[in-house]
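Commentary on secondary and tertiary structure
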Amino acid sequence: MTTALITHTDCLNHVTPPGHPERVDRLMAIYSAFDAMDLSNVLRIDAPMGTDTDILRVHPRAHIDAVTDAAPSVGSVALDADTHMSTGSLKAAYLGVGAMTKAVDMVLGGEVQNAFAAMRPPGHHAEKQTPMGFCLFGNIAIAAKHALDAHGLERVAIVDFDVHHGNGTQDLLWDEPRTLFISSHQMPLYPGSGAAHETGASGNIINIPLQANSGGAELRKAYERVVIPALNDFKPQLLLISAGFDAHRNDPLANLNWDEADFAWATQALCDVADTHCEGRVVSTLEGGYDLDALAASTRAHLEVLIKRGTHG
């Protein structure tokens, strides 16, 4: 067994306006980090294109049509104040969907132990009919539904440690009792959702608001007190991770003040749960992270844990 690293250079063609935090340089910084790593035990895969069938598991046709119709043939367009599309954005978004369904197929098919999708644009803010927060399609929710409907799983868990609440994932899976969605996030902060009382239609959503400047110690307490017990109770057959690295102390958009060791610790803790309940099967996808050096270092710390677990269990 090993780790799959799934990405595609066409994600570099999703171009945002000058000064935008979710920029091409993010993926370039991550690629540079990969170049400095020992990836001899990693299976590197070009992401395939996702399909409308995949997307329709969580979004209505009207959403696909609206995003497709908005895609510019030249230049760029703003879908809202934060979310932009250039001529390469629609393909990049479909590749993000394809990366996650491919990762699920590989992990559940026994080809690899775990997988990391280094893609952009991110996805966890995209609601059923609303692209927002830099996101067009809900990639990780799509992956969960793919695992449930195409592979016949009964329980899939998603843990989101991006500094911003995964409102899109929550919206897309609110009525899906076969999923457990857990989000830890700074609050108050964009997008303003993620209060503890938001629990889903069947208690399948757990939100853990964290105070600004609370640091990595509060992260670890939250995992030990809430995240890990909830996952153990749910007993997932597959664990998905929305790996946003914008809780890092150097990130310009928030201030939870985590560091690379905190991200590695969280990844290790989640892999331990996966070993107990789902044969170590983990699929992770890139979400936020906007300081380039912090993003590269944190992504490397996260991936190194996955590689070690994929190689040695």
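Residues numbered from 1 in each chain as written. Predicted model: local features only at pLDDT ≥ 70, side-chain atom pairs only at ≥ 80, totals over all residues. Heavy atoms only, no water.

Here's the deal with the overall build of the chain
Put simply, the rule reads: Each helix corresponds to a stretch of at least 4 residues labelled H or I by DSSP, and each strand to a stretch of at least 2 residues labelled E; elements are numbered beginning at the N terminus. We compute the radius of gyration over the C-alpha atoms and compare it with the globule rule, which gives 2.2 Å times the number of residues raised to the power 0.38. Remark: exposure states derive from per-residue accessible area (1.4 Å probe, protein chains only) relative to the maximum for the residue type, with buried under 20%, exposed over 50%, and partly exposed in between. Contacts: residue pairs with any heavy atoms within 4.5 Å of one another. All accessible areas in this document rest on Shrake-Rupley with a 1.4 Å probe, and a residue is counted as covered only by the protein chains that are shown. In this count, Lys and Arg are taken as positive residues and Asp and Glu as negative ones, while His and the chain termini are left out. Just so you know, the charge point we use is NZ for Lys, CZ for Arg, CG for Asp and CD for Glu.
Scanning the chain from terminus to terminus reveals nine helices and 10 strands. Taking 313 residues into account, the globule formula puts the C-alpha radius of gyration at 20 Å, and the chain, at 17 Å, falls close to it. Its C-alpha atoms put the chain at 50 × 45 × 40 Å along the principal axes. Buried positions account for 60% of the 313 residues belonging to the chain. Taking as baseline every contact in the chain between residues at least 6 positions apart, the subset at least 24 positions apart corresponds to 77%. Total accessible area computed for the chain in this model is approximately 11,100 Å², and 49% of it derives from carbon and sulfur atoms. Treating the 21 positive side-chain charges of the chain as one cloud and the 38 negative ones as another, the clouds have centres 4 Å apart.

Some points on the packing of helix α7 (residues 215–234) against helix α8 (residues 260–277)
Quick note on the threshold: Between N-to-C directions, angles cover 0 to 180 degrees, with each direction set by a line fitted to C-alpha atoms, over the stretch in contact for helices. Note that the term roughly parallel is reserved for angles under 35 degrees, roughly antiparallel for angles over 145, roughly perpendicular for angles of 65 to 115, and oblique for everything else. Rotating anticlockwise by less than a right angle from the far helix to the near helix defines a left-handed crossing, while the corresponding clockwise rotation defines a right-handed one. Ten residues, namely Ala, Val, Leu, Ile, Met, Phe, Trp, Tyr, Cys and Pro, are considered nonpolar, four, namely Asp, Glu, Lys and Arg, are considered charged, and the remaining ones, Gly among them, are considered polar.
Running from N to C, α7 and α8 point in directions that differ by 10°, and their axes come no closer than 11 Å. As the angle between them shows, α7 and α8 are arranged roughly parallel. When you trace α7 past α8, the crossing you get is right-handed. Facing G216, L219, R220, Y223, E224, V227, I228, L231 and N232 of α7, the residues of α8 in contact are A261, D262, W265, A266, A269, L270, V273 and H277. Taken together, the residues of the contact of α7 with α8 break down into 11 nonpolar, three polar and three charged.

Comments concerning the pairing of strand β5 (residues 114–118)
Which entries qualify depends on this criterion: DSSP calls a pair of strands paired once it identifies at least 2 bridges connecting them.
Burial of β5 is extensive: five of the five residues sit out of reach of the surface. Both faces of β5 are covered, namely the face carrying N114, F116 and A118 and the face carrying A115 and A117. The pairing of strand β1 (residues 3–7) with β5 spans five bridges and is classified as parallel. Within the sheet, the bridge partner assigned to T3 lies in β5 and is N114. The sheet contact formed by β5 and strand β10 (residues 282–286) spans four bridges and is parallel. The partner of F116 across the bridge, within β10, is S284.

Things to note about the sheet that holds β1
Whenever strands of a sheet pair, they do so through backbone hydrogen bonds, lying parallel or antiparallel. The eight strands lie next to each other as β2-β1-β5-β10-β9-β6-β7-β8, forming an open sheet whose pairing is parallel. In the strand order of this sheet, the two ends are held by β2 (42–46) and β8 (205–210), each with one partner. Recorded for the sheet is a direction-independent mean angle of 15° between the axes of neighbouring strands. Against the sheet, α8 touches β6 (156–160), β9 (238–243) and β10, its axis set at about 165° to β9. Contacts between helix α9 (residues 292–312) and the sheet are confined to β1, β2, β5, β9 and β10, with β5 contributing the most and set at about 160° to the helix.

Some remarks on the environment of N167
Tracing the chain through its elements places N167 in helix α6 (residues 167–173). Accessibility expressed as a relative area gives 4% for N167, which makes it buried. Through-space distance from the C-alpha of N167 to that of S183 is 9.1 Å; in sequence the pair is 16 residues apart. Sequence-distant contacts of N167, defined by excluding residues within four places in its chain, comprise H124, H125, E127, M132, P191 and S193.

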